[in-house]
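Each chain, written out:
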Amino acid sequence: MKKKKNPIIAPDDAHEVLLHACCAPCSSAIVEWMMANGIRPTIFYFNPNIYPLEEYQRRKEESKRHAESLGLTWIDGDYDHQEWLQSVCGLENEPERGRRCRRCFAIRLRAAAIEARKLGLKYFTTTLASSRWKSIEQITEAGEEAQNAVPGTIFWAQNWRKGGLSDRRNQLLHEYGFYNQKYCGCEFSMPRLQPEEQEKCEECMPTDEK
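A quick note: this is a predicted structure, and the numbers were derived from the prediction, not measured.

Asks: Whenever I open this one, the sheet that holds strand S2 (residues 40-45) confuses me. Can you help?
Replies: Sheets are built from strands paired through backbone hydrogen bonds, the pairs being either parallel or antiparallel. Taken in spatial order, the 5 strands of this open sheet run S3-S2-S1-S4-S5, and their pairing is parallel. Both outer strands of the open sheet, strand S3 (74-76) and strand S5 (154-155), are each paired with one neighbouring strand and no more. Two strands pair when backbone bridges link them, and strand S1 (residues 16-20) and S2 are joined in this way by 5 bridges, in the parallel orientation. Bridge assignment links Leu-19 to a residue of S2, and that residue is Ile-43.

What follows is the structure in structure tokens.
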């Protein structure tokens, strides 16, 4: 019987990488795989798209808790949602996997590449490529664009849905008792929530932002 090819292929010299993390649930199985394969990730939490602030803080604390439980370095990126809104201005009505998402990936992965270079890390990758709501092609394009803009860095393009990691993610979600968000993160992804879930999200928005 022909041996099945491993769908996860790490660069030969990738002993340390910067992992851009969108949340703890999506990071968990990826981090576990990396550590089991001799790769130590530095977790970079940079997600200015997330809204409202309470949601951002909740996801951030879960990501930090996960990294600290494993003894990993965790870095808090800047949160400037207003600047992010300006960057995607005019794309508010784009669908999921549309031009707004593509620009959002570019913003976050460029920041990841800059952070990787700052830390002296050659490779960077992202947990965004583990979500079924995201376009792998868009993520790869944005990662390569960031790589080209930040000399000395290489984007590790990887479909993190493969190799059983999606199933393992769900297992770790329950093992850690992670908060599992109901939408992508930005206010423009909220409409696909059920009405009762939408109402809960709106209840936690600051009064002047409703």
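Asks: Sorry, what's going on with the side chain of Lys-134 here?
Replies: Position of Lys-134 among the secondary structure elements: in the loop between strand S4 (123-126) and helix H5 (136-149). An unpaired buried charge is present at Lys-134: no salt bridge exists, and Glu-96, the closest side chain of opposite charge, is 4.8 Å distant. Apart from residues no more than four positions distant in its own chain, Lys-134 is found in contact with Arg-97, Phe-105, Leu-128, Ile-139, Arg-161 and Cys-184.

Asks: Help me understand the layout of surface pockets, please; the structure alone is not making it clear to me.
Replies: Gaps left between atoms are located by rolling a probe of water-molecule size over the structure's atoms. As a volume, the largest pocket reaches approximately 550 Å³. Contributing to the lining of the largest pocket are 24 residues, with Cys-26, Ser-131, Trp-133, Arg-169 and Asn-180 lying nearest its centre. Per element, the largest residue contribution to the lining of the largest pocket is 3 residues, and it comes from helix H6 (residues 165-176). Split into classes, the residues belonging to the lining of the largest pocket amount to 8 nonpolar, 8 polar and 8 charged.

Asks: I would appreciate a short explanation of helix H4 (residues 99-119) in the present structure.
Replies: Every α-helical turn comprises 3.6 residues, leaving residues that sit three or four positions apart pointing alike. Taking 1.5 Å of rise per residue, the 21 residues of H4 would be expected to cover 30 Å, and the 30 Å separating its terminal C-alpha atoms lies within 8% of that figure. A positive backbone phi angle near 80° is found at Gly-120, which sits one or two residues after H4.

Asks: Help me understand the nonpolar core, please; the structure alone is not making it clear to me.
Replies: The nonpolar side chains of soluble globular proteins are, as a tendency, buried together. Core analysis: the biggest nonpolar cluster contains 48 residues, and Trp-33, Met-34, Phe-124 and Trp-160 have the highest contact counts within it. When residues of this core are assigned to their parent elements, the largest contribution, 8 residues, is made by H4. Those residues in contact with Trp-160 that sit more than four places away from it in its chain are Ile-8, Ile-30, Trp-33, Met-34, Thr-125, Thr-126, Ala-129, Ser-130 and Leu-165.

Asks: Help me understand the pattern of salt bridges, please; the structure alone is not making it clear to me.
Replies: When charged atoms on two side chains of opposite charge get close, those side chains can pair. The final tally for this structure, using the stated rule, is 10 salt bridges. Where Glu-55 meets Arg-59, a salt bridge forms, and the shortest distance between an N and an O atom there is 2.7 Å. Here Arg-59 and Glu-55 lie together in helix H2 (residues 53-69), a separation of 4 residues that amounts to about one turn. The closest approach of N and O atoms between Arg-168 and Glu-175, which form a salt bridge, is 3.3 Å. Take Glu-175: its relative accessible area is 55%, and that puts it in the exposed class. Beyond isolated ion pairs, a larger network of salt bridges with shared partners links Glu-32, Arg-168 and Glu-175.

Scoring rules and cut-offs
Residues numbered from 1 in each chain as written. Predicted model: local features only at pLDDT ≥ 70, side-chain atom pairs only at ≥ 80, totals over all residues. Heavy atoms only, no water. Pairing = 2+ DSSP bridges. Helix = DSSP H or I, 4+ residues; strand = E, 2+ residues; numbered from the N terminus. Buried < 20%, exposed > 50% of the residue type's maximum accessible area, 1.4 Å probe, protein only. Lys, Arg positive; Asp, Glu negative; His and termini not counted. Salt bridge = Lys/Arg side-chain N within 4 Å of Asp/Glu carboxyl O. Contact = heavy atoms within 4.5 Å. 1 Å grid on protein atoms, 1.4 Å probe; cavity = no way out; pocket = protein on both sides within 12 Å on 5 of 7 lines; lining within 4 Å. Points joined across faces, edges and corners; volume = space filled by probe spheres on them. Nonpolar A, V, L, I, M, F, W, Y, C, P; charged D, E, K, R; others polar. Expected span 1.5 Å × (residues − 1). Core = buried A, V, L, I, M, F, W, Y, C linked by side-chain atoms within 4.5 Å.

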